Amino acid sequence: MQIDVQQLQYISLFKELEPLLLGQLAEHSSLKTYESDEVVFYEGDALPACLYLLVTGSLRLTKISESGKETILRLLRGDEVFAAPALFGNGVAPATATALEPIKVLTIQREALLNGFREAPEMALHMLGIFNQRLQHLHSRVHGLVSERAIVRLIHYLPLFHQNG
């Protein structure tokens with residue numbers, strides 16, 4: 001399904017952009033709906049070169065270890081970017097993305113987004129800020145995993161499951 005300029009204006013990443021630029025992004029975007037428990041992509045899938053943005057709903061990103069154990073990497077809510085390797089990396093899905101409830105996912109082709117960055121560098125800076133926050137969160141999580149007792153780690157993760165339960 002195609003998305004229009006007005007819909008893009010409600011997404012935080014794009015709300016400060018000029019309508020002309022939003023129109024160019026909209027031409028190279030699509031909006032897809034997924035049902036509860038539907039997989040958006042599997043770990044290892046080849047992803048098209050585009051930005052993935054969860055517009056509405058909740059999404060779970062998981063990884064399966066060699067022993068078959070599933071690890072939840074992130075739980076996302078609407079208005080969050082995900083699948084960064086599709087846009088900036090090798091194009092291989094680093095994890096499995098599964099809808100926790102009905103969701104809408106916006107994709108914008110990489111070339112259109114790069115053109116948008118050239119025309120509106122503040123959009124690129126905003127996206128870098130998002131990825132910086134993720135790195136800081138990951139750093140804190142890894143530090144917690146190696147420095148806290150198991151019961152303390154469990155207490156930290158309980159609110160995540162309560163929000164999505």
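Relevant structure appears above.
Model, not experiment: these values are computed from the prediction.

### With respect to the sheet that holds strand 2 (residues 39-41)
Link 1 in the chain: Read from one edge of the open sheet, four strands run 2-7-4-5, paired in antiparallel fashion. Edge positions in the open sheet fall to strand 2 and strand 5 (70-77), since each of these has one partner strand only. The mean inter-strand angle of the sheet, taken between neighbouring strand axes irrespective of direction, is 30 degrees.
Link 2 in the chain: Direction of pairing for strand 2 relative to strand 7 (residues 96-99): antiparallel, over a ladder of two bridges. Within strand 7, the residue paired with Val39 across the bridge is Thr98.

### Some thoughts on the pairing of strand 3 (residues 50-56)
Link 1 in the chain: Counted residue by residue, strand 3 has five buried out of seven residues, so it is predominantly covered.
Link 2 in the chain: Across six bridges, strand 3 lies against strand 8 (residues 103-109) in antiparallel orientation. Counted as the bridge partner of Leu53 is Leu106 from strand 8.

### Considering the environment of Thr62
Link 1 in the chain: Its place among the elements puts Thr62 in strand 4 (residues 58-64).
Link 2 in the chain: Judged by relative accessible area, Thr62 falls into the buried class, the value being 2%.
Link 3 in the chain: Considering only alpha carbons, one finds Thr62 and Thr96, 34 residues apart in sequence, at a separation of 5.2 Å.
Link 4 in the chain: Those residues in contact with Thr62 that sit more than four places away from it in its chain are Glu43, Glu70, Thr71, Ile72, Leu73, Ala95 and Thr96.

### Looking at helix 4 (residues 110-119)
Link 1 in the chain: What helix 4 keeps buried is the set Ala112, Leu113, Gly116 and Phe117. For helix 4, the angular spread of the buried residues around the axis is 145 degrees, confining them to a single face. Residues of helix 4 that are exposed and point over 90 degrees away from its buried face: Arg118 and Glu119.

### Details of the pattern of salt bridges
Link 1 in the chain: Under the counting rule described, the total for this entry stands at three salt bridges.
Link 2 in the chain: The closest approach of N and O atoms between Lys63 and Glu43, which form a salt bridge, is 3.0 Å. Of this pair, Lys63 sits in strand 4 while Glu43 sits in the loop between strand 2 and strand 3, and the two are 20 residues apart along the sequence.
Link 3 in the chain: Glu80 is the partner of Arg74 in a salt bridge, and the nearest nitrogen-oxygen pair spans 2.9 Å.
Link 4 in the chain: For Glu80, a relative accessible area of 24% translates into the label partly exposed.

### What about the environment of Ile64?
Link 1 in the chain: Residue position: Ile64 is located in strand 4.
Link 2 in the chain: Note: C-alpha distance between Ile64 and Ala95 (31 residues apart in sequence) is 8.1 Å.

### Re the sheet that holds strand 3
Link 1 in the chain: Read across the sheet, four strands follow the order 1-8-3-6 without closing on themselves; strand pairing throughout is antiparallel. The sheet is open, and its two borders are formed by strand 1 (29-34) and strand 6 (80-82), each paired with just one other strand. Each neighbouring strand pair of the sheet contributes to a mean axis angle of 30 degrees, computed without reference to strand direction.
Link 2 in the chain: Here strand 1 pairs with strand 8 via six bridges, running antiparallel. Counted as the bridge partner of Tyr34 is Ile103 from strand 8.
Link 3 in the chain: On top of the sheet, helix 4 reaches strand 3 and strand 8; it is set at about 70 degrees to strand 8, its chief contact.

Cut-off values and rules
Residues numbered from 1 in each chain as written. Predicted model: local features only at pLDDT ≥ 70, side-chain atom pairs only at ≥ 80, totals over all residues. Heavy atoms only, no water. Pairing = 2+ DSSP bridges. Helix = DSSP H or I, 4+ residues; strand = E, 2+ residues; numbered from the N terminus. Axes fitted to C-alpha atoms, helices over the stretch in contact; angles between N-to-C directions. Buried < 20%, exposed > 50% of the residue type's maximum accessible area, 1.4 Å probe, protein only. Contact = heavy atoms within 4.5 Å. Arc of directions from axis to C-beta. Salt bridge = Lys/Arg side-chain N within 4 Å of Asp/Glu carboxyl O.

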